[in-house]
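Given next are the chains, with one letter for each unit.
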Amino acid sequence: MMNSIKVGMIGIGGWGENVVSAWHQNPYAEVVAIADLNTRRAQEIAERYGIQAKIYADYKEMIKNEDLDVASVATPDFLHRQVACDCFEAGLNVFLEKPCATTMEDCNAIAEAATKSGKKFMVDYFMRFIPRFRDAKLAMENGELGEIVQGYARIDDAISVPTKMLRWAKDSSPLYFVMIHNIDAVRWIIGHEAVEVYAKQQKKKLASIGVDSPDSVQAMVTFANGASVLFDSNWILPRTFDGLNDQFVRLVGTEGTAYINLTYQGLQIYKSQFAEPFEHANRATVYVNPMFEGRTTGCVEQAVAHFADCVLHDKQPLITLKDAIEPTRIACAIDESLKTGVPVKL
């Protein structure tokens, strides 16, 4: 049994910072190297968290030169395939940010590489590590909800995300960047596979300011048990909205209803003005990585800790290879429906 693991971080953009800080504070992990094209930012993040890591511009040089156990990958969504496959070929366990990929071709290539390597692999669908979603799953398993009949799952982002946070918004959409979180969480809770989707999208606001990406996507997804769930996502919420994001899930069953509200969790701090684009009144919506006494807490910390435990003790991650792939399969079917204007069977 291993006593500790050496981690190489690949991609230190906005989300990568959250993940590397979670790895750094894990008592069983050591971040020994960080790879990012922006080496200046990588160095700044390392210094901010006191991480004694070697900085690389090329991840291939990092995995060649460093004695690593885990590659933690937080590159843009559409660039996952090559990085993940290279890491598996190098004999590394891979912790990959969601989604697994944005095409089934890329997903299948990653799955094949993971299976061939025999190493641990987990996609960071961190909603599963939020207590509210976990408790809804337990209620489902305990029979408190009965059979799910109908649902509504909304997750939105403020317009600062595609216009300020992401340089690659034109290569993404609300479907792959935010909706896929709820797709995974609902599929997990219901316990059935999707069999049909029908979707619509709108392109107005972002197109008017030169960003070639949908404003919003709505998708009706039918599951094998007959349940229909409307997934609803946009990333054009105004700057004045109370939070950086807005998330609500309701699942109606034959015996009970699960109601999850992650937008308002009990703390809002209102000011005459906010200093920067990502500051909002809702403080509790940063359920992802709230800081307490200088430490990252929340579902990202829990997801990282779970994967570290799986590597250390040779256990299978709770998020399986099938779980990694299925949300992308559903998303790709939604994408096809958006393009064709007709329902798509899976």
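Structure first, text after, so check above.
Residues numbered from 1 in each chain as written. Predicted model: local features only at pLDDT ≥ 70, side-chain atom pairs only at ≥ 80, totals over all residues. Heavy atoms only, no water.

Participant: Would you explain the overall build of the protein in this entry?
Facilitator: Helix and strand content of the protein: 11 helices and 15 strands. Compactness check: the protein gives a C-alpha radius of gyration of 20 Å against a globular reference of 20 Å for 346 residues, within 12% of the reference. Along the longest, intermediate and shortest principal axes, the C-alpha atoms of the protein span 50 × 50 × 40 Å. Looking at the protein as a whole, 55% of its 346 residues qualify as buried. In the form shown here, the protein has an accessible surface area of approximately 15400 Å², with 50% of it arising from carbon and sulfur atoms. Taken together, the 35 basic and 44 acidic charged side chains of the protein have centroids lying 3 Å from each other. (Helix = DSSP H or I, 4+ residues; strand = E, 2+ residues; numbered from the N terminus. Rg over C-alpha atoms; globule rule 2.2 N^0.38 Å. Buried < 20%, exposed > 50% of the residue type's maximum accessible area, 1.4 Å probe, protein only. Areas by Shrake-Rupley, 256 points an atom, 1.4 Å probe, with all protein chains shown as cover. Lys, Arg positive; Asp, Glu negative; His and termini not counted. Charge placed at Lys NZ, Arg CZ, Asp CG, Glu CD.)

Participant: What am I meant to see in the packing of helix H4 (residues 80-89) against helix H5 (residues 104-117) here?
Facilitator: The angle between the axes and the distance between the axes are what describe a pair of packed helices. Where H4 contacts H5, the axes come no closer than 9 Å and their chain directions differ by 10°. As summarised for this structure, H4 and H5 are arranged roughly parallel, according to the angle between their axes. Residue-level inspection shows His80, Arg81, Ala84, Cys85 and Phe88 of H4 in contact with H5, the latter providing Glu105, Asp106, Ala109, Ile110, Ala113, Ala114 and Ser117. Here the contact of H4 with H5 is built from residues that sort into 7 nonpolar, 2 polar and 3 charged. (Axes fitted to C-alpha atoms, helices over the stretch in contact; angles between N-to-C directions. Parallel < 35°, antiparallel > 145°, perpendicular 65-115°, else oblique. Contact = heavy atoms within 4.5 Å. Nonpolar A, V, L, I, M, F, W, Y, C, P; charged D, E, K, R; others polar.)

Participant: Would you mind showing me how to read the pairing of strand S7 (residues 148-157) here?
Facilitator: Regular strands place their side chains on alternate faces of the sheet. With respect to burial, S7 is a largely interior element, 7 of its 10 residues being buried. Summarising the sheet, S7 and strand S11 (residues 245-253) pair through 9 bridges and their orientation is antiparallel. Note on S11: the bridge partner recorded for Ile148 is Gly253. One ladder, built from 5 bridges, connects S7 with strand S10 (residues 228-234); its direction is parallel. Among the inter-strand pairings, Ala153 is bridged to a residue of S10, identified as Phe231. (Pairing = 2+ DSSP bridges.)

Participant: Help me understand the sheet that holds strand S6 (residues 121-124) in this model?
Facilitator: Sheet strands line up and pair through hydrogen bonds in the backbone, either parallel or antiparallel. Taken in spatial order, the 6 strands of this open sheet run S3-S2-S1-S4-S5-S6, and their pairing is parallel. Two strands bound the open sheet, and with one partner strand each, they are strand S3 (54-56) and S6. Each strand axis lies, on average, 25° off the axis of its neighbour in the sheet, ignoring direction. Most of the contacts of helix H10 (residues 299-313) go to strand S5 (residues 93-97), to which it runs at about 165°, and overall it touches strand S1 (5-10), strand S4 (70-73), S5 and S6.

Participant: It is not clear to me how the pattern of salt bridges should be interpreted in this structure. Could you clarify?
Facilitator: Pairing between side chains of opposite charge can happen when the charged atoms of each approach one another. With the rule as written, the count across this model stands at 19 salt bridges. With a closest N to O distance of 2.7 Å, Glu17 and Arg48 form a salt bridge. Of this pair, Glu17 sits in helix H1 (residues 14-25) while Arg48 sits in helix H2 (residues 39-49), and the two are 31 residues apart along the sequence. By relative accessible area, Glu17 is classed as buried at 13%. The shortest N-O distance in the salt bridge between Asp135 and Arg134 comes to 3.0 Å. Through salt bridges with shared partners, one network takes in Arg128, Asp184, Arg187, Glu193 and Asp323. (Salt bridge = Lys/Arg side-chain N within 4 Å of Asp/Glu carboxyl O.)

Participant: I'm lost on the packing of aromatic side chains in this one. Help?
Facilitator: Taken as a whole and assessed by the stated rule, the structure comprises 9 aromatic pairs. Aromatic pair Trp15 and Phe126: ring centres 5.3 Å apart, planes at 20°, arrangement stacked. Here Phe126 lies in the loop between S6 and helix H6 (131-141) and Trp15 lies in helix H1, a separation of 111 residues in the sequence. Here Trp15 falls in the partly exposed class, since its relative accessible area comes to 29%. Note on Phe126: relative accessible area 5%, which makes it buried. (Phe/Tyr/Trp six-rings, centres within 6.5 Å; stacked < 30°, edge-to-face > 60°.)

Participant: Any chance you could explain H2 here in plain terms?
Facilitator: Two residues of an α-helix separated by three or four positions point the same way, owing to the 3.6 residues in each turn. Inspection of H2 places Ala42, Ile45 and Ala46 among the buried residues, and these make up the whole buried set. Seen from one end, H2 has its buried residues packed into an arc of 100°, which puts them on one side. Along H2, exposed side chains directed more than 90 degrees from the buried face belong to Arg40, Glu47 and Arg48. Looking at the buried side of H2, the elements it contacts are H1, strand S2 (29-35) and S3. Immediately beyond the C-terminal end of H2, within one or two residues, lies Gly50, with a positive phi of roughly 70°. (Arc of directions from axis to C-beta.)

Participant: Would you explain the environment of Ile260 in this entry?
Facilitator: Counting through the fold element by element, Ile260 comes out in strand S12 (residues 257-261). Taking the C-alpha atoms as reference points, Ile260 and Asp135, separated by 125 residues in sequence, lie 10.0 Å from one another. Excluding residues that lie within four positions of it along the chain, Ile260 makes contacts with Arg132, Phe133, Ala136, Gln247, Phe248 and Val249.

Just geometry here; none of it tells us what the structure is for.
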